[in-house]
Amino acid sequence: MNIQNQRARDAIFAKLKSAPRQKETKPLPEWQAWHSENLNERTNRFVEKISASHAEIQYTREKTLDDDLSHCINHEGFKRILLGKNNPLTSRLKEGCLQSHIAVYDQAIETFKTSLFNEVDAGITFANAGIADTGTLATITGESEPRSLSLVPPTHIAIIRESDIVSHFSELMTTPFWTSAGWDTTPPTNLLLISGPSKTADIQQTLAYGAHGPKRLIVFLVKE
């Protein structure tokens, strides 16, 4: 660095150091996580929040879930669908979606990476819980439902049961879903929190969807 540039840099730092400093004296606002004991209120807030993040909600019942999923796949024209290897709906979806190829994620990603990234239209997963406060799906990934099943295909179809919606994250940590796995003492290394489709913004704050993951999130909410 030449002498002229060094002097310019020193001048800039000198001005920054000599600039008056303001101290924030206002107390921080009190904050408390949203909470409700009422299932309908939790469901309504969950739907409101996740819809605001551009998720698409499909209401269904346990007895019609497979038919409603098949209708969605056929209506949207999804040709290649990927499911977790223990998905209980696999055989029914194969019967109801004759124009689609229903595949099971039962192999290492290295063996079908090209197909996963370039050919699969939608991945279907089950969410272990929903957080009403923020409109968030909580999913534990692993061998049965690998992380890439929900993060790679351009459309992610998530299934969540209404009874699994809790008020806030702290409440989630007290549920049997959490404590039965011992996560109250040893939290999971890979808890996937999903609040909408993948999105990003450039320096001009132009929002784009699907840059680093699914462009669409379709949530099948199983009413009970």
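Residues numbered from 1 in each chain as written. Predicted model: local features only at pLDDT ≥ 70, side-chain atom pairs only at ≥ 80, totals over all residues. Heavy atoms only, no water.

- As annotated in an unreviewed UniProt entry, the protein is L-lactate dehydrogenase complex protein LldG from Enterovibrio nigricans DSM 22720.

**Looking at the overall build of the protein**
Then, in step 1: Helix and strand counts for the protein stand at eight helices and twelve strands.
Then, in step 2: For 224 residues, the compact-globule formula gives about 17 Å, and the C-alpha radius of gyration of the protein, at 23 Å, lies well above that figure.
Then, in step 3: Dimensions of the protein, computed from C-alpha atoms along their principal axes, come out at roughly 75 × 45 × 35 Å.
Then, in step 4: Partitioning the intrachain contacts of the protein with sequence separation of at least 6 by distance along the chain shows that 71% fall at a separation of at least 24.
Then, in step 5: As presented, the protein carries roughly 13700 Å² of accessible surface, and 51% of it is formed by carbon and sulfur atoms. (Helix = DSSP H or I, 4+ residues; strand = E, 2+ residues; numbered from the N terminus. Rg over C-alpha atoms; globule rule 2.2 N^0.38 Å. Contact = heavy atoms within 4.5 Å. Areas by Shrake-Rupley, 256 points an atom, 1.4 Å probe, with all protein chains shown as cover.)

**Considerations on the side chain of Ser167**
Then, in step 1: In this structure, Ser167 sits in the loop between β8 (165-166) and α7 (169-172).
Then, in step 2: Taking the relative accessible area as the measure of exposure, Ser167 reaches 0% and is therefore buried.
Then, in step 3: At 3.4 Å, the side chain of Ser167 and the side chain of His35 are in polar contact.
Then, in step 4: Ignoring sequence-local partners within four residues, the contact set of Ser167 consists of Trp34, His35, Ser36, Arg42, Ile131, Ala132 and Asp133. (Buried < 20%, exposed > 50% of the residue type's maximum accessible area, 1.4 Å probe, protein only. Polar contact = N/O pair within 3.5 Å; in protein donor to acceptor, adjacent residues only side chain to side chain.)

**Brief notes about the UniProt feature "domain: LUD" (unreviewed entry) in the protein**
Then, in step 1: Mapped onto this numbering, the UniProt entry gives "domain: LUD" (unreviewed entry) at residues 101-222.
Then, in step 2: Secondary structure content for residues 101-222 is 15% helix and 36% strand, while the C-alpha to C-alpha distance between its ends is 24 Å. (UniProt positions renumbered as here; feature names shortened; annotations may be inferred.)

**Examining the nonpolar core**
Then, in step 1: In terms of nonpolar packing, the biggest core is built from 19 residues, with Leu69, Ile81, Ile124, Ile157, Ile159 and Phe220 touching the most fellow members.
Then, in step 2: If you list the elements that add at least two residues to this core, you get α3 (65-76), β2 (80-84), β4 (122-126), β7 (155-161) and β12 (216-223).
Then, in step 3: Every residue in contact with Ile159, bar those within four places of it in the chain, is listed here: Leu65, Leu69, Leu89, Ile124, Thr125, Phe126, Ala127, Phe220 and Val222.
Then, in step 4: By size, the runner-up hydrophobic cluster in this structure holds 16 residues, among which are Ala55, Leu137, Leu192 and Leu217. (Core = buried A, V, L, I, M, F, W, Y, C linked by side-chain atoms within 4.5 Å.)

**A short note on the environment of Arg161**
Then, in step 1: If you trace the backbone, Arg161 turns up in strand β7.
Then, in step 2: Beyond its immediate sequence surroundings of up to four residues, Arg161 is in contact with Glu62, Phe126, Val222 and Glu224.

**What about the sheet that holds strand β1 (residues 56-61)?**
Then, in step 1: One open sheet holds the six strands; their spatial order is β1-β12-β7-β4-β2-β3, and the pairing between them is parallel. Since the sheet does not close on itself, it has two edges, and those belong to β1 and β3 (101-105), each with one partner. Within this sheet the neighbouring strands show an average axis-to-axis angle of 25 degrees, counted without direction.
Then, in step 2: Relative to β7, β4 is paired through five bridges, and the arrangement is parallel. When the sheet's bridge partners are listed, Phe126 is paired in β7 with Ile159.
Then, in step 3: Seen against the sheet, helix α2 (residues 39-52) touches β1, β7 and β12 and runs at an angle of roughly 170 degrees to β12.
Then, in step 4: Its contacts with the sheet place α3 against β1, β2, β4, β7 and β12, and it is angled at close to 155 degrees to β12. (Pairing = 2+ DSSP bridges. Axes fitted to C-alpha atoms, helices over the stretch in contact; angles between N-to-C directions.)

**Observations concerning the sheet that holds strand β9 (residues 191-194)**
Then, in step 1: One open sheet accounts for four strands, arranged β8-β5-β6-β9; its pairing is mixed. Each having just a single partner strand, β8 and β9 make up the two edges of the open sheet.
Then, in step 2: Bridging between strand β6 (residues 136-140) and β9 involves four bridges; their strand directions are antiparallel. Bridge pairing links Thr139 to Leu192 in β9.

**Notes on the pattern of salt bridges**
When the charged atoms of two side chains with opposite charge come close together, those side chains can pair.
Then, in step 1: Taken as a whole and assessed by the stated rule, the structure comprises ten salt bridges.
Then, in step 2: The salt bridge partner of Glu56 is Arg216, with a shortest N-O separation of 2.7 Å. Of the two residues, Glu56 is situated in strand β1 and Arg216 in strand β12; the sequence distance between them amounts to 160 residues.
Then, in step 3: When its relative accessible area of 23% is taken as the criterion, Arg216 is described as partly exposed.
Then, in step 4: A salt bridge links Asp67 to Arg92, with the shortest nitrogen-to-oxygen separation between them at 3.9 Å. Taken together, the residues Asp67 in helix α3 and Arg92 in helix α4 (residues 90-96) connect sequence positions 25 residues apart.
Then, in step 5: When salt bridges that share partners are traced, they join Asp66, Asp67, Arg92 and Glu95 into one network. (Salt bridge = Lys/Arg side-chain N within 4 Å of Asp/Glu carboxyl O.)

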